[in-house]
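So you can see what is in the structure, the chains are spelled out below.
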Amino acid sequence: MFQIDALRLLVTVADTGSFTQAADRLNYTQSAVSRRIASLEQRAGGPLFERLPRGVRLNPAGHALHRHAVDVLDRLARAEREVAAIHAGHGGTLRVGAFATANISLLPAALRAFQRARPDIEVIAVEGRSNALMQRLADGALDLAVVSDYPSGLPTAEGVTTTQLLQDELLVVLPREHPLAATATIDLRDLRDEAWLQDPPAGRPTLLDDACARAGFTPRKLIRIAEWTGKFGYAAAGLGVALVPSLAAWAVPAELVLRPLDGLLPHRTIHTALPATPLPAALTLRDQLHATADGTAVR
């Protein structure tokens, strides 16, 4: 394999037509240039220059290697500029992860403001559970994530730091025809006979379990629906009710109403997560997420 310094020397000798002038340009001695070119020709399997009475010029093999050397050096120069720009927060790609309900309104609103301010940065967004997102941050596959402490506490990963973003309260979603739909605040115990729309993770307590236990009852019936669109569809059809995090409120269709609940109910805490050495662009988006959370009434 040809060394980068040797390729740079080849291009310089070809440009100047002289070992001596190349030595001056690169701050080498003339003998050092001669030795390095001889070593390069040995690796190439034969001469690369014609030695002339006054200077040198590329031979056919030299022209072939010179063409590739120019391309390689140009690519390296562009790579250096791109990496420097990324570290300075200009240009490049920002990889962002979030859990499902953060992708309904919180992250999109922050990304819209971020991309208006930084159109030079390409954002790649992915969705996943908080523990998986934290691990991807630790593995270097993400630059920032929005994570939650639900259902089993805030996950941790080596080298990843978190900052609290907001507290996400629970609301109940009801069809507009429901007898309690006009009630300003609902006592959860008044819903003890309802069917609940939920997809509980295997072996893990849920916010619904905790809320109902605090209210002194166990849900009579669970209808296992995983996606929020499905839960909203079932609720609109009058087939059940559901607890909805406030982050999901923006997606609730017009046929449904959201109502706050009485009493001390469980909530989840939302955090931003960053690797040990965050990119400047990731810090900018983190700040935008906090501005969005502070300035937007997420209901």
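Up top is the structure these notes are about.
Undergrad: Any chance you could explain the side chain of Ser130 here in plain terms?
TA: Relative to the elements of secondary structure, Ser130 occurs in helix H6 (residues 130–138). Residue classification places Ser130 among the buried residues on the basis of a relative accessible area of 8%. Once residues lying within four places of it in the same chain are set aside, the contact partners of Ser130 are Phe99, Val147, Ser148 and Pro155.

Undergrad: How should I be thinking about the pairing of strand E2 (residues 55–58) in this particular structure?
TA: The two faces of a sheet get side chains in turn, since along a regular strand they alternate between them. Because side chains alternate across E2, one face comprises the buried residues Val56 and Leu58, and the other comprises Gly55 and Arg57, none of which is buried. The sheet contact formed by strand E1 (residues 49–52) and E2 spans four bridges and is antiparallel. Counted as the bridge partner of Glu50 is Arg57 from E2. Hairpin geometry of E1 and E2 is characterised by an intervening segment of two residues between the two adjacent antiparallel strands.

Undergrad: Mind showing me how you'd approach the layout of surface pockets here?
TA: If a probe as big as a water molecule is rolled over the atoms, it shows which places are left empty. Within this model, the second largest pocket holds a volume of roughly 190 Å³. In terms of lining, the second largest pocket is formed by Phe2, Gln3, Asp5, Ala6, Leu9, Arg36, Ile37, Ser39, Leu40 and Arg43. Mapped onto the lining of the second largest pocket, the elements with two or more residues apiece are helix H1 (4–16) and helix H3 (30–44). The element contributing the most residues to the lining of the second largest pocket is H3, with five residues. Residues that form the lining of the second largest pocket fall into these classes: five nonpolar, two polar and three charged.

Undergrad: So what exactly am I meant to see when it comes to the nonpolar core here?
TA: General note: in soluble globular proteins, nonpolar side chains tend to be found buried as a group. Within the largest apolar cluster, 25 residues are counted, with the highest numbers of intra-cluster contacts made by Leu94, Leu106, Leu144, Val146, Leu165, Leu285 and Leu289. The residues touching Leu289, leaving out its near neighbours within four places in the chain, are Leu106, Leu107, Ala110, Leu144, Val146, Leu165 and Thr272.

Undergrad: Would you mind going over the pairing of strand E10 (residues 242–245) with me for this structure?
TA: Burial of E10 is two-sided: the residues Ala242 and Val244 facing one way and the residues Leu243 and Pro245 facing the other way are all buried. Bridging between strand E7 (residues 170–175) and E10 involves four bridges; their strand directions are antiparallel. Its bridge partner lying in E10, Val173 is registered against Ala242.

Calculation criteria
Residues numbered from 1 in each chain as written. Predicted model: local features only at pLDDT ≥ 70, side-chain atom pairs only at ≥ 80, totals over all residues. Heavy atoms only, no water. Helix = DSSP H or I, 4+ residues; strand = E, 2+ residues; numbered from the N terminus. Buried < 20%, exposed > 50% of the residue type's maximum accessible area, 1.4 Å probe, protein only. Contact = heavy atoms within 4.5 Å. Pairing = 2+ DSSP bridges. 1 Å grid on protein atoms, 1.4 Å probe; cavity = no way out; pocket = protein on both sides within 12 Å on 5 of 7 lines; lining within 4 Å. Points joined across faces, edges and corners; volume = space filled by probe spheres on them. Nonpolar A, V, L, I, M, F, W, Y, C, P; charged D, E, K, R; others polar. Core = buried A, V, L, I, M, F, W, Y, C linked by side-chain atoms within 4.5 Å.

Note that all results are geometric; they support no functional claim without further evidence.
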